[in-house]
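Residue-level structural notes
Listed here are the chains, written in short residue letters.
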Amino acid sequence: MEPIYTDIAKGLKAISDPKRLRIVDMLSCGELCACRILEAFHITQPTLSHDMKVLIEAGIVSARREGKNIYYSLNPEYLSALEQSLHRIFTGKRDCICHSANPDG
């Protein structure tokens, strides 16, 4: 399997959880402290930490520490690349996999 499909699948898997998708939506307005994200959900700190770890490992979210607080923001470079990759997959083109003799790679 080509790495592009693996990378895209990793990102999509990370946001396939409704809670994580809502977190991404919240971060679309700008950087947020973990405490603000926690206020929006009825979850524990460890649960939020797990969800943020998944989003960070997928490359969707970045984190920075300031004192005792952790601030999260979207990774615009990753999201732009993901959007472009999905557009390429969803759009017909001359070098499309459907024109290949072996679409399985």
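Described below are features of the structure shown in this document. Please read all numbers here as calculations on a predicted model, not as lab measurements.

Our focus in this paragraph is the pattern of salt bridges. Tallying each qualifying case throughout the model produces five salt bridges. The shortest N-O distance in the salt bridge between Lys19 and Asp51 comes to 2.4 Å. Here the residue Lys19 occupies a position in helix α2 (residues 18-27), and Asp51 occupies one in helix α4 (residues 45-58), the gap between them amounting to 32 residues. Ionic pairing is found between Arg20 and Asp51, a salt bridge with its closest N-O pair at 2.9 Å. Taken together, the residues span a long stretch of sequence, with Arg20 in helix α2 and Asp51 in helix α4 at a distance of 31 residues. Classification of Arg20 as buried rests on a relative accessible area of 12%. One network of salt bridges, in which partners are shared, links Lys19, Arg20 and Asp51.

Per the counting criterion, the structure on display carries zero aromatic pairs. Across from the ring centre of Phe41, 4.9 Å away, lies the NZ or CZ of Arg22, which sits over that ring. The ring of Tyr71 is capped by Arg64, whose NZ or CZ atom sits 4.7 Å from the centre of that ring.

This part takes up the sheet that holds strand β1 (residues 32-33). Pairing in this open sheet of three strands is antiparallel, and the strands run β1-β3-β2 from one edge to the other. In this open sheet, the two edge strands, each paired with only one partner strand, are β1 and β2 (61-66). Bridge count between β2 and strand β3 (residues 69-74): six bridges; the pairing is antiparallel. Counted as the bridge partner of Glu66 is Asn69 from β3. Seen against the sheet, α4 touches β2 and β3 and runs at an angle of roughly 120 degrees to β2.

Thresholds, definitions, all that
For every chain, the first residue of the written sequence is number 1, and numbering continues from 1 along that sequence. This being a predicted model, a pLDDT of at least 70 is required before a residue's local features are given, and a value of 80 or more before pairs of side-chain atoms are given or counted; all residues contribute to the totals for chains, interfaces and linings. Note that the side-chain values use all heavy atoms of the structure and ignore hydrogens as well as water. Here a salt bridge means any side-chain nitrogen of Lys or Arg lying within 4 Å of a carboxyl oxygen belonging to Asp or Glu. The helix count covers DSSP runs of H or I at least four residues long, the strand count covers runs of E at least two residues long, and both are numbered beginning at the N terminus. For the exposure calls, accessible area comes from a 1.4 Å probe over protein chains only, and a residue counts as buried if that area is under 20% of its type's maximum, exposed if over 50%, partly exposed in between. Whether two aromatic rings pair depends on their centres lying within 6.5 Å, for rings of Phe, Tyr and Trp, where Trp uses its six-membered ring; planes under 30 degrees apart make the pair stacked, over 60 edge-to-face, and the rest tilted. Whether a charge sits over a ring depends on NZ of Lys or CZ of Arg being within 6 Å of the ring centre and within 35 degrees of the ring normal. When DSSP locates at least two bridges between a pair of strands, those strands are taken to pair. Contacts between residues were defined by any pair of non-hydrogen atoms, one from each residue, lying within 4.5 Å. Every axis corresponds to a line fitted to the C-alpha atoms, with the helix fit spanning only the stretch in contact, and the corresponding angles, defined between N-to-C directions, vary from 0 to 180 degrees.

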